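Overview (structure and organization)
Residues per chain, in single letters:
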Amino acid sequence: TEKRVLESPVAGATQYPKGLIDNTTDNIYTLNSKGAITCLNKRGQEITGYEFNPEVRTPYTDYIVVKDQPKNARHFREAIKGRPQRYATSIIASAGRLIDILLHVTPIHDGDEVVGVLGIARDITESKQMQAQLPHAHHMAPLGSPAAGYPQAENKPAGINRGGA
């Protein structure tokens, strides 16, 4: 029974970080020094629609859109040199769906040597689409006020009365 009591916190200690990593809202992954995927959390598999197989070392570049591959290669090289990176890119999910992501890439050290990278990717597809619609909405706003029966606001600084006072 004493052995069982001692083992239980250890089991919990190893399951807790895995639970956090798998249940976060972001895609968390690791790459080895050659750029092969060595780990992909559950959320990353849900976002991309791909199943992670630890036996297969797929290069991360297989999932990057072609136009972003040079930028990604540059950031990967910098991370492998020990310099954390933060940048936006697009990946190809299953069925060819594009996902815009914001990446935080941090070197993984084994002593003084960088042996790979840890990546945290946040899906920013929806916010990027909303940003793209903002200029269109801004142009349409002046048309919406009169159409809705509201007077159009004058463009004048606050506190200035242009009428005779």
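Residues numbered from 1 in each chain as written. Predicted model: local features only at pLDDT ≥ 70, side-chain atom pairs only at ≥ 80, totals over all residues. Heavy atoms only, no water.

**Quick look at helix α3 (residues 69-80)**
Its twelve residues give α3 an end-to-end C-alpha distance of 16 Å, which sits within 8% of 16 Å, the value for a rise of 1.5 Å per residue. When α3 is considered as a whole, its buried residues turn out to be Asn-72, His-75, Phe-76 and Ala-79. The buried residues of α3 occupy an angular sector of 105° when the element is viewed end-on, so they sit on one face. Of the surrounding elements, those touching the buried residues of α3 are β1 (27-32), β3 (85-92), β4 (98-110) and β5 (113-123). One or two residues past the end of α3 sits Gly-82, with phi positive at roughly 100°. (Helix = DSSP H or I, 4+ residues; strand = E, 2+ residues; numbered from the N terminus. Expected span 1.5 Å × (residues − 1). Buried < 20%, exposed > 50% of the residue type's maximum accessible area, 1.4 Å probe, protein only. Arc of directions from axis to C-beta. Contact = heavy atoms within 4.5 Å.)

**Brief notes about the environment of Ala-88**
Mapping Ala-88 onto the fold places it in strand β3. It is 7.3 Å that separates the C-alpha atoms of Ala-88 and Asp-100, two residues lying twelve residues apart in sequence. Apart from the residues lying within four places of it in its own chain, the contact partners of Ala-88 are Lys-71, Ile-101, Leu-102 and Ile-124.

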